[in-house]
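Chain by chain, the residues run as shown.
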Amino acid sequence: MGEYAIEFQDVHLSFGTQKVLDGISFGVYPGETKIVMGGSGTGKSTVLKLVLGLLKPDSGRIFVDNEDITDFSESQLTVMRQKIGMVFQEGALFDSLSVYENVGYRLFERGADEEEIEETVRRMLRFVNLEDAINKMPAELSGGMRRRVGIARALVGNPKIILYDEPTAGLDPPTARTICELAIKLRDLEGVSSLFVTHRIQDALTLADHHATIGDNGEVVIVKNPRGQTETATTFLMLRHGKVLLEGDADTFWNSTDPYIRTFLELD
Amino acid sequence: MNLFLLLLVELQEATLLVWRAVRHPFRRPLYWRETVVQMDTIGFGTLPIVLLAGFFIGAVLALQTAGTLRSFGAQNYTGRLVATSLLRELGPVLTCILLAGRSGSGIAAELGAMCVSEQIDAMRALGTDPFRKLVRPRLIALMTMAPILTIFANVIGIVGGLVVAITFLQIPSSVYLASAREALNYDDLWGMFLKTGVFGLIVAIVGCRCGLRTRGGTVGVGQSTTTSVVVSIVLILVSDFFLTRLILTLSGTA
Ligand SMILES: Nc1ncnc2c1ncn2[C@@H]1O[C@H](COP(=O)(O)OP(=O)(O)O)[C@@H](O)[C@H]1O
Ligand SMILES: [Mg+2]
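Within each chain, residues carry numbers counting from 1 in the order of the written sequence. Working convention: letters from A go to chains and numbers from 1 go to ligands, in the order in which they are written. Where totals are concerned, whole chains, interfaces and linings use all residues; where local detail is concerned, this predicted model gives features only for residues with pLDDT of at least 70, and gives and counts side-chain atom pairs only at 80 or more. Where side-chain values are given, they derive from all heavy atoms of the structure, hydrogens and water being excluded.

Peer 1: Can you tell me about the overall build of chain B, naming the residues and giving the values?
Peer 2: Scanning chain B from N- to C-terminus turns up eight helices and zero strands. Reading the secondary structure of chain B in the N-to-C direction produces α-α-α-α-α-α-α-α. When its C-alpha atoms are laid out on the principal axes, chain B stretches across 70 × 40 × 35 Å. Under the scheme applied here, a residue whose accessible area is under 20% of the maximum for its type counts as buried, over 50% as exposed, and between as partly exposed, the area being computed with a 1.4 Å probe on protein chains only. By the burial criterion, 46% of the 254 residues in chain B qualify as buried. What makes two residues a contact is simply this: any of their non-hydrogen atoms within 4.5 Å. Pairs at least 24 residues apart make up 86% of the contacts formed inside chain B by residues separated by at least 6 positions. Using a 1.4 Å probe, accessible areas were evaluated by the Shrake-Rupley method; residue-level cover was limited to the displayed protein chains. In the structure as shown, chain B presents an accessible area of about 12,600 Å², 72% of it carried by carbon and sulfur atoms. When charges are tallied, Lys and Arg are placed among the positive residues and Asp and Glu among the negative ones, while His and the ends of the chain are skipped. Every charge is mapped onto a representative atom, which is NZ of Lys, CZ of Arg, CG of Asp or CD of Glu. For chain B, the separation between the mean place of its 20 positive charges and that of its 13 negative charges on side chains is 3 Å. The helix and strand labels rest on DSSP assignments: H or I over at least four residues marks a helix, E over at least two residues marks a strand, and numbering proceeds from the N terminus.

Put into structure tokens, the structure is as follows:
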């Protein structure tokens, strides 16, 4: 440890008799986005919940921002969670609250004043390009809009770490692409560290092959990396049967000879 | 043996739930708004049905007992019998069963839906303790609303009995009311508060616990809701027996 933003050391976790994680170790460097892949039910969401301390491992250690959070109390975890933004699978917006109240949730809980909340919420919604939806209720939003509101909510408080749980699942390709571009912007311009859970190979391609820069007129542009040069800030983690099947950069991943990974990449 | 173990685990979980809801009573935020909203939905939401049920229970009590009392030449005691029955048993039990059916189930369904859509996890991820934000307001609301609603049920029940006494039984209202007033005594009153407090607690704990342990999507939410109603009603009836025994012992009438 010492240099990672998130680190798992030999983490085991079972639900009853079902062994979900069977000795998982990996690390995410600051500023790095690690794409977590694996079949349904391999424990990808479980990994994210362990980072947040929503679940406790049976054994092993978990470090977040160089702190060993494994034995943290609930109040210590509450403080630690301020560093983390989580984008849940279906958005997990609070049904009874408007978009405004959802995005500003952290600030409302803290008792911030109305002006600060309004200003922050608008800024976050502008980032995900949804400022018009500020007064809507979650039930009025489409799937893609819900995820984007979920991202805006996760960004309040400028967390250094962002966890994405299948943010693109069930979305049409252009909307999925928009969400990946948000993740690219956060990675390259804000320097956040991320775990990005997905099972869409297209997301992996988008994240690994593009980077965000500031254009000539001060606007943000997403550009494709030159041929043969992969973005080192994106790495891969493949889970299978509760173990890490592969961890490494994009090239290691694409050139893997493992038959399971090759079917996953639709290479065979 | 397995069932016994399961029961113990549930008991432990329920105790833990209450503990996590009530500890740090003054740590901010205090969630007053949530508490008031819960009191409002639970109190005013259940009031109409409590009034309706209370009225007819009082009426039918008068109708049923007057015949028996008359054969002893004691039909002037109808008011007292109705009032005592309501105050000691029917008011608290009936009101809280209605609370379990209407509010307990609603709590289980709401928290259950929040659970399966990961809203509870999201809440924790955003630094809120769901036990303080969700469980505590419901606990407070049910424990305060159960006695208040019971008082409403008792009063309207006595009115129901009065209506029957005047129209069907030819008992003068002054006689009925004077007799009903005799039923009011200190022991029955604190007994009623004790019972309704405990029943309110039962409905709140069972509703919250069932909701928060929901798994398995929308089907799970339905199951949690049903379970919460059944378990609350059984627990209310069982604990009513033991509470009655306790109250009778303490008030020296046993
Ligand atoms: N709270 C829980 N209780 C029991 N089993 C669970 C719980 N959460 C997840 N599981 C099980 O753990 C496995 C991994 O779940 P999850 O991490 O959600 O998988 P993924 O996100 O990779 O699809 C699944 O088989 C699931 O049934
Ligand atoms: Mg998942």
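Peer 1: Describe helix α5 (residues 114-127) of chain A, with residues and values.
Peer 2: Residue and element names in this part refer to chain A. Expected span of a helix: the number of residues minus one, times 1.5 Å. The end-to-end C-alpha distance of α5, which contains 14 residues, comes to 20 Å, matching closely the 20 Å that a straight helix rising 1.5 Å per residue would cover. Against the buried residues of α5 lie α3 (99-103), α4 (105-110) and α6 (143-155). Following α5 by one or two positions, N129 adopts a phi angle in the positive range, close to 65°.

Peer 1: Give me the packing of aromatic side chains: which residues, what numbers.
Peer 2: For any pair of aromatic rings, geometry is given as the distance between the ring centres together with the angle between the planes. Here is the rule: rings of Phe, Tyr and Trp (six-membered ring for Trp) pair when centre to centre is within 6.5 Å. Planes less than 30 degrees apart are stacked, more than 60 are edge-to-face, and the remainder are tilted. Using the criterion set out here, one finds 11 aromatic pairs over all chains in the structure. Seen in terms of ring centroids, B:F55 and B:F56 are 5.3 Å apart; in terms of plane orientation they differ by 80°. Their pairing is edge-to-face. Take B:F56: its relative accessible area is 52%, and that puts it in the exposed class. Among the aromatic residues, those joined into a ring-pair cluster are A:F236, A:F253 and A:W254.

Peer 1: If you had to explain the site of ligand 1 to someone new, which residues and values would you point to?
Peer 2: Note on terminology: near, applied to a residue and a molecule or strand, indicates that one of the residue's heavy atoms is within 4 Å of it. In the region of ligand 1, the neighbouring residues are A:F15, A:Q18, A:V20, A:G39, A:S40, A:G41, A:T42, A:G43, A:K44, A:S45, A:T46 and B:R215. Site remark: ligand 1 is flanked by residues from chains A and B. The contact in question runs from an oxygen atom of ligand 1 to an N or O atom on the side chain of A:Q18, over 2.8 Å. A:T46 places a polar side-chain atom, nitrogen or oxygen, 2.5 Å from an oxygen atom of ligand 1. Look at ligand 1: alone it shows 560 Å² of surface, and the protein chains cover 66% of it. Using only the protein atoms, space was sampled on a 1 Å grid; points where a 1.4 Å probe fits but cannot get out form cavities, open sets with protein on both sides within 12 Å along at least five of seven lines form pockets, and lining residues are those with an atom within 4 Å of a point. More than half of a molecule's atoms lying within 2 Å of a cavity's or pocket's grid points is what places that molecule inside it. Judged by the proximity of its atoms to the pocket grid, ligand 1 belongs to the largest pocket. Elements with a contribution of two residues or more to the shell around ligand 1: β2 (18-28) and α1 (44-52) of chain A. When residues in the shell around ligand 1 are grouped by element, the largest group, three residues, is from α1(A). For the purposes of these results, a polar contact is taken to be a pair of N or O atoms within 3.5 Å, where, inside protein, one atom must be able to donate a hydrogen and its partner to accept one; residues adjacent in sequence count only when each atom of the pair is a side-chain atom.

Peer 1: Could you give an account of the layout of surface pockets, with specific residues and numbers?
Peer 2: Grid points are joined across faces, edges and corners, and a volume is the space filled by probe spheres set on the points. As a volume, the largest pocket reaches approximately 1,600 Å³. Taken together, 46 residues make up the lining of the largest pocket; nearest its centre are A:F15, A:K49, A:L55, B:D121 and B:R215. Of the residues that constitute the lining of the largest pocket, the class distribution is 15 nonpolar, 15 polar and 16 charged. A volume near 850 Å³ is recorded for the second largest pocket. Forming the walls of the second largest pocket are 32 residues, and the residues nearest its centre are A:S96, A:L97, B:R33, B:E34 and B:K133. Any residue that is not Ala, Val, Leu, Ile, Met, Phe, Trp, Tyr, Cys, Pro, Asp, Glu, Lys or Arg is counted as polar, Gly included; the first ten are nonpolar and the last four charged.

Peer 1: Talk me through the sheet that holds strand β11 (residues 234-240) of chain A; I want residue IDs and the actual numbers.
Peer 2: Residues and elements named next belong to chain A. Paired strands, in this sense, are two strands between which DSSP finds at least two bridges. Across the sheet, which stays open at both edges, the six strands sit in the order β6-β7-β8-β3-β11-β12 with mixed pairing between neighbours. Where the open sheet ends on each side, the last strands, each with one partner, are β6 (84-87) and β12 (243-249). Put simply, the sheet's adjacent strands are angled 15° from each other on average, direction ignored. Examined bridge by bridge, β6 and strand β7 (residues 161-165) share four bridges and lie parallel to one another. If you follow G85 over to β7, its bridge partner there is I162. What counts as an axis is a line fitted to C-alpha atoms, over the stretch in contact for a helix, and the angles between N-to-C directions run from 0 to 180 degrees.

Peer 1: An account of the pairing of β7(A) is requested, with residue identities and associated values reported.
Peer 2: All names here are of chain A. Within β7, five of the five residues are buried, which leaves it mostly tucked inside the rest of the structure. Relative to strand β8 (residues 193-197), β7 runs parallel, the two being bridged by five bridges. By the bridge assignment for β8, Y164 is matched with F196. Following the backbone out of β7, through helix α7 (residues 173-190) and into the adjacent parallel β8, one traces a crossover that is right-handed. Crossovers are marked right-handed if the path from the first strand over the helix to the second runs clockwise, as seen with the strands pointing away from the viewer.

Peer 1: Lay out the pattern of salt bridges with the relevant residues and their values.
Peer 2: All names here are of chain A. In the sections that follow, a salt bridge refers to a side-chain nitrogen of Lys or Arg positioned within 4 Å of a carboxyl oxygen of Asp or Glu. All chains considered together, the criterion is met by 29 salt bridges over all chains. The partner of R81 in a salt bridge is E74, with the nearest N and O atoms 3.3 Å apart. Residue classification places R81 among the buried residues on the basis of a relative accessible area of 2%. Taken together, the shared-partner salt bridges connect D65, E67, K83 and K160 into one network.

Peer 1: If you had to explain α1(A) to someone new, which residues and values would you point to?
Peer 2: All names here are of chain A. The buried count for α1 comes to nine of nine residues, which makes it a mostly enclosed element. Turning to α1, its buried residues number three or more, namely K44, S45, T46, V47, L48, K49, L50, V51 and L52. Among the residues trailing α1, G53 stands out with phi positive, at a value near 75°.

Peer 1: Could you give an account of the sheet that holds strand β5 (residues 67-68) of chain A, naming the residues involved and the relevant values?
Peer 2: Each strand in a sheet pairs with its neighbour through backbone hydrogen bonds, running either in the same direction (parallel) or in the opposite one (antiparallel). Residues and elements named next belong to chain A. One open sheet holds the four strands; their spatial order is β2-β1-β4-β5, and the pairing between them is antiparallel. Of all strands in the sheet, those bounded by a partner on one side alone are β2 and β5. Sheet topology note: the strand β4 (residues 59-64)/β5 ladder contains two bridges and is antiparallel. Looking across to β5, one finds that V64 is bridged to E67. Packing of α1 onto the sheet brings it into contact with β1 (6-15), β2 and β4, and relative to β1 it is tilted by some 115°.

Peer 1: Requested: an account of the confidence of the model for chain B, with residues and values cited.
Peer 2: Across chain B, the average pLDDT comes to 95, with 100% of residues at 70 or higher. The complex model carries a pTM of 0.92, and its ipTM stands at 0.91. Values of pLDDT, ranging from 0 to 100, describe the predictor's confidence in every residue of the model.

Peer 1: Any details on the interface of chain A and chain B? Residues and values, ideally.
Peer 2: Chain A puts 19 residues into the contact, and the matching count from chain B is 16 residues. A quick way to say it: buried area is the sum, across both parts, of accessible area lost when two parts are put together, with a 1.4 Å probe. Carbon and sulfur atoms supply 52% of the area buried between chain A and chain B, which totals about 1,600 Å² over both sides. Summed over the shared surface of chain A and chain B, the result is four salt bridges. A salt bridge links A:E109 to B:K133; its shortest N-O distance comes to 3.1 Å. Among the secondary structure elements, those contributing two or more residues to the side of chain A that touches chain B are α1, α2 (74-81) and α4 of chain A. The element contributing the most residues to the side of chain A that touches chain B is α2(A), with four residues.

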